[in-house]
Amino acid sequence: MTGFRIPERHAQLPAYAQSLTPPSGWKVEVSGDQIIMTASPSVIHQRNLMIVREQFDAHRPADLMPSENTDLISPTTGKLRNPDLTYIPLDTVERGGSQVPAELAAIAVEIVSPSNPENDLVGKVRDYPQMAIPLYLAIDPREGTLTLHSEPGGGTYHRRWTGTFGDGVPVPEPFAFELATAELLRYPR
């Protein structure tokens, strides 16, 4: 199998994006030839993330730590993404710095943004498997839906589970539990 090669200009974007100084409360991501800036999340977003994180924390393996808004970088794909929640190896701390190699992440969890849902529902579904992130959980408070993507290979996820708020999400290893979602809140219409 030949290695995937990206255009040189895409390889340079993550470094450039990290040199930017976004306004307070904003984060910067890179996907392909785009730099994406997103605003601070709402309190509903934060509450939903807390509900999810507490359950993942209760089932996380001892060698993984939770991290919110961590820069996951994939130099081979030219991508820099910043999930709402991820779990990375504890020894990642020894590396120092603010970037974590994306392939070390056990999962990426996103609470879909009401202002830019395509970033979470299209862009990250495309980017995360290319970055070798094994699980991607997208929680959409706009629609009250959940999607768990798994089994990445060949630049795409090969398995997808979908449900609605109230359904139990079957989260596989290394967490191996059913995520309860009845307390998740929808965004107001």
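Residues numbered from 1 in each chain as written. Predicted model: local features only at pLDDT ≥ 70, side-chain atom pairs only at ≥ 80, totals over all residues. Heavy atoms only, no water.

Chemist: I tried to follow the pattern of salt bridges on my own but got confused; where do I start?
Modeler: Two side chains with opposite charge may pair up if their charged atoms get near one another. Here the structure, examined in full by the defined rule, presents 10 salt bridges. Among the salt bridges present, the one from Arg159 reaches Glu151, with a minimum N-O distance of 3.2 Å. Accessibility expressed as a relative area gives 44% for Glu151, which makes it partly exposed. Each of Lys79, Arg81, Arg126 and Asp127 takes part in salt bridges that share partners, so that together they form one network. (Salt bridge = Lys/Arg side-chain N within 4 Å of Asp/Glu carboxyl O. Buried < 20%, exposed > 50% of the residue type's maximum accessible area, 1.4 Å probe, protein only.)

Chemist: Just to check I follow, could you spell out the pairing of strand 6 (residues 85–89) for this structure?
Modeler: Looking down a regular strand, the side chains alternate between one sheet face and the other. Here strand 6 lies mainly inside the structure; five of its five residues are buried. Pairing of strand 3 (residues 64–67) with strand 6 involves four bridges; the strand directions are antiparallel. When the sheet's bridge partners are listed, Leu64 is paired in strand 6 with Pro89. Relative to strand 8 (residues 107–111), strand 6 is paired through three bridges, and the arrangement is antiparallel. What sits directly across from Thr86, in strand 8, is Ala108. (Helix = DSSP H or I, 4+ residues; strand = E, 2+ residues; numbered from the N terminus. Pairing = 2+ DSSP bridges.)

Chemist: Help me understand the environment of Tyr16, please; the structure alone is not making it clear to me.
Modeler: Along the chain, the position of Tyr16 falls in helix 1 (residues 8–19). By relative accessible area, which is 47% here, Tyr16 ends up partly exposed. Between the C-alpha atoms of Tyr16 and Val30, which are 14 residues apart in sequence, the distance is 9.6 Å.

Chemist: Would you mind showing me how to read the side chain of Asp120 here?
Modeler: Structurally, Asp120 can be placed in helix 3 (residues 117–130). Classification of Asp120 as buried rests on a relative accessible area of 3%. Not counting residues within four places of it along the chain, the set of residues in contact with Asp120 comprises Glu110, Ile111, Val112, Ser113, Val125 and Tyr136. (Contact = heavy atoms within 4.5 Å.)

Chemist: Can you help me understand the sheet that holds strand 10 (residues 145–153) in this one?
Modeler: Taken in spatial order, the six strands line up as 3-6-8-9-10-11 in an open sheet, and their pairing is mixed. A single partner strand is all that each edge strand has here, and the edge strands are strand 3 and strand 11 (156–164). With direction set aside, neighbouring strand axes in the sheet form an average angle of 20 degrees. Contacts between helix 3 and the sheet are confined to strand 8, strand 9 (135–140), strand 10 and strand 11, with strand 9 contributing the most and set at about 175 degrees to the helix. (Axes fitted to C-alpha atoms, helices over the stretch in contact; angles between N-to-C directions.)

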